[in-house]
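# Observations on the three-dimensional arrangement
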Amino acid sequence: MKIQLSYQKVNTMKRSQMRLWFFIYLQCFLPGNLVDSSALPSGAQPVPVISMAGSEVVLPCSWKDTQAKTNPSACHVQWMSPPHTVFEQLGEDKWQAAEFEGRVEVPQENLLSGDCSLIIRDVQIRDTGKYESFILVDGAKARNSRVFVQSVKLSVTDHKTRELRMPGEDLVLKLYTSHSYAVVFQSRNSSEWVNLWKRGDENTERLEKHPQLEQLTIKNLQSSDDGLYKVLDENDLCVSTVQLMVEEKGYSFRVNKKQENIPTDATGKRSYSALLLLSALLSCLHVFHLH
């Protein structure tokens, strides 16, 4: 009797282990099945996407593998930056988080063909992070269930440039985005950052914000303008950094580079002599061929 009970106990343990492994298999290897989003981060490998501040970026997503489980005519897509919802769309009804208002979209025509990629316009440094997409379908007992589709890791970087100008010239400083709020300046001989411009400031004799374009013109540059310029957004995050050099040497440097390609008198004479020698040699060969 004891042997029979032990045998039943062993069988029960084996069945429990098989169920556990089967559950782990569903969670880890079948991401297209209906799962709770809380179990996703450990099993989903995000696709890396890199973009520059102020540009347009596409977070890739395709739900073709899960079309059999959904109704395309009533496709309900959701994008999250855990734990917050970024964008949600059901037919013509759309919802966007406040910080993404007017900047995110999943085109309906693309969605119906299986493309649920999220378009983020005027992407910001603060948009950096992890994003997850889901398709919401009607599950058992009329409860909505979410089908995990894609995980994306977005990295938004700032712009870095170097500019060389002569005294008296202008510098057009790109702001890149309407969310750029201020420009600060650090002189080459100083460690202090000075507020140069803030959005809403009136134009001055030397600083002029373009009425339509996101750019700021610094006029009549002087040697004291030599240094670093940083464009900051509302959160004091750096959108771009420009290293400006204002010096007379810049012009002579460019002229010297051009003159390097111009042969000197000695070089020209040597080239001319070589051409004469080659011409004479060809003439001799021609005469020898005629004889």
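Residues numbered from 1 in each chain as written. Predicted model: local features only at pLDDT ≥ 70, side-chain atom pairs only at ≥ 80, totals over all residues. Heavy atoms only, no water.

Attention now goes to the state of the cysteines. In the structure shown here, the tally under the stated rule is one disulfide. Here Cys61 engages in a disulfide with Cys116; their sulfurs sit 1.9 Å apart. With the S-S dihedral at roughly -55°, the linkage between Cys61 and Cys116 falls on the left-handed side. Separated by 55 residues along the polypeptide, Cys61 in the loop between strand 2 (57-59) and strand 3 (76-81) and Cys116 in the loop between helix 2 (108-112) and strand 7 (118-120) bring together distant segments of the chain. (Disulfide = S-S within 2.5 Å. Helix = DSSP H or I, 4+ residues; strand = E, 2+ residues; numbered from the N terminus.)

Counting 45 residues, the largest nonpolar core has Leu59, Trp79, Leu118, Ile120 and Leu154 as the members making the most contacts within it. It is strand 9 (residues 144-157) that provides the largest number of residues to this core, a total of five residues. The residues touching Ile120, leaving out its near neighbours within four places in the chain, are Ser55, Glu56, Val57, Leu59, Phe100, Arg103, Val104, Asp127 and Leu154. (Core = buried A, V, L, I, M, F, W, Y, C linked by side-chain atoms within 4.5 Å. Buried < 20%, exposed > 50% of the residue type's maximum accessible area, 1.4 Å probe, protein only. Contact = heavy atoms within 4.5 Å.)

What follows deals with the side chain of His76. Here His76 lies in strand 3. Here the side chain of His76 touches Glu88 through a polar contact of 2.7 Å, side chain to side chain. Setting aside its immediate chain neighbours within four residues, His76 contacts Glu88, Gln89, Leu90, Phe134, Ile135 and Leu136. (Polar contact = N/O pair within 3.5 Å; in protein donor to acceptor, adjacent residues only side chain to side chain.)

Within this structure, the stated rule accounts for three aromatic pairs. Judged by centre distance (6.5 Å) and plane angle (85°), the ring pair of Phe100 and Tyr131 falls under edge-to-face. One end of the pair, Phe100, is in the loop between strand 5 (93-96) and strand 6 (104-105); the other, Tyr131, is in strand 8 (residues 129-138), and 31 residues separate them in sequence. The exposure classification of Phe100 matches that of Tyr131, with both residues buried. Where Phe185 meets Tyr229, the ring centres are 4.6 Å apart and the plane angle is 40°; that geometry is what we call tilted. (Phe/Tyr/Trp six-rings, centres within 6.5 Å; stacked < 30°, edge-to-face > 60°.)

Turning our eyes to something else, we now look at the pairing of strand 4 (residues 84-90). Two strands pair when backbone bridges link them, and strand 3 and strand 4 are joined in this way by six bridges, in the antiparallel orientation. Paired with Ser81 across the strands is His84, a residue of strand 4. Where strand 3 folds back onto strand 4 in an antiparallel hairpin, the turn is made up of two residues. Inspection of the sheet shows strand 4 paired to strand 5 by four bridges, in the antiparallel sense. From the neighbouring strand, Leu90 faces strand 5, where its bridge partner is Asp93. Hairpin connection of strand 4 to strand 5: two residues between the antiparallel strands, including Gly91 at a positive phi of 65°. (Pairing = 2+ DSSP bridges.)

So, about the side chain of Asp122. Tracing the chain through its elements places Asp122 in the loop between strand 7 and strand 8. Although Asp122 is buried, it makes no salt bridge; Arg103 carries the closest opposite charge, 5.6 Å away. A distance of 2.6 Å separates polar atoms of two side chains, one belonging to Asp122 and the other to Thr177. Asp122 has contacts with Gly54, Ser55, Arg103, Tyr176, Thr177, Ser178 and His179, leaving out every residue within four places of it along the chain. (Lys, Arg positive; Asp, Glu negative; His and termini not counted. Salt bridge = Lys/Arg side-chain N within 4 Å of Asp/Glu carboxyl O.)

Now for the pattern of salt bridges. Counting across every chain of the model gives eleven salt bridges. A salt bridge links Lys160 to Asp158; its shortest N-O distance comes to 3.0 Å.

Honestly, it's all geometry; don't read function into it.
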